[in-house]
Amino acid sequence: KNHIHRITNLFINSILEGNPSVTTVPYNENELGDVKSSEMNNAVLEWVKQTNNWERKQEKFVHDFIVVGECWGKIRWDYSKGLVGEFVIDRVFAFDLKRDPTARDIHECEWWIHETMVGMEELKEAVKALAPEKVEKISASTPKEHYKIFDANTGNYKDVKEQVSVKELFYK
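What counts and how
- Residues numbered from 1 in each chain as written.
- Predicted model: local features only at pLDDT ≥ 70, side-chain atom pairs only at ≥ 80, totals over all residues.
- Heavy atoms only, no water.
- Helix = DSSP H or I, 4+ residues; strand = E, 2+ residues; numbered from the N terminus.
- Contact = heavy atoms within 4.5 Å.
- 1 Å grid on protein atoms, 1.4 Å probe; cavity = no way out; pocket = protein on both sides within 12 Å on 5 of 7 lines; lining within 4 Å.
- Points joined across faces, edges and corners; volume = space filled by probe spheres on them.
- Phe/Tyr/Trp six-rings, centres within 6.5 Å; stacked < 30°, edge-to-face > 60°.

Asks: Kindly report on the environment of Leu169, identifying the contributing residues and their values.
Replies: Summarising the element assignment, Leu169 is placed in strand E7 (residues 163-171). Sequence-distant contacts of Leu169, that is, excluding residues within four places in its chain, are made with Trp111, Trp112 and Ile113.

Asks: Could you give an account of the layout of surface pockets, naming the residues involved and the relevant values?
Replies: Approximately 1800 Å³ is the volume attributed to the largest pocket. For the largest pocket, the lining is made up of 39 residues, of which Lys74, His114, Thr116, Met117 and Val118 are closest to its centre. Elements that contribute at least two residues to the lining of the largest pocket include exactly helix H3 (54-68), strand E1 (72-78), strand E2 (86-92), strand E4 (111-119), helix H4 (120-130), strand E5 (147-151) and E7. If you tally residues by element for the lining of the largest pocket, the top one is H4, at seven residues. Considering only enclosed or pocket space, the second largest pocket measures out at about 360 Å³ in volume.

Asks: Describe in detail the packing of aromatic side chains, supporting the description with residues and values.
Replies: If you walk through the whole model with that rule in mind, you get five aromatic pairs. Ring geometry for Trp47 versus Phe87: centroids 6.4 Å apart, planes at 65°, classification edge-to-face. Of this pair, Trp47 sits in helix H2 (residues 32-51) while Phe87 sits in strand E2, and the two are 40 residues apart along the sequence. Between the aromatic rings of Trp77 and Phe87, the centroid separation amounts to 4.5 Å while the plane-to-plane angle is 20°, which identifies the pairing as stacked. Of this pair, Trp77 sits in strand E1 while Phe87 sits in strand E2; the two residues are ten residues apart in sequence, bridging distant segments of the chain.

Right, dumping it as structure tokens:
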């Protein structure tokens, strides 16, 4: 019998039992400004965790770390959630990242490219919010063209229309 599933679950559960997380502490505990700053930062962290269902996402990140070998997250503002927006924590799969080919290890990598599929209307709304004069430049190339993508939910390839490939470039 294959016991890999049981073994990976054992590792995942042992990590999650420790409830790994982050917190801020004052640089100087005798300075009232440092203490207040630390408390405010911890309040923001708690708000982000509550609004993003952090416990469920944490399980997925730990699963990716054990099963895939690495885990990535992208923290961004989602302006569609209210007037000022909200922090959103997106799960990023390592196979969707392109890395600097000249870097010999992860610490030498100066840039990363995250490639994702986005609906055409969603892209137009994002561009309208950031650069309204460029919205009319966005159009489908031809009505017959489509992308063939891998659907991680079904494990199959499928054709998609009305979506565009967006590449986000991140510098260290």
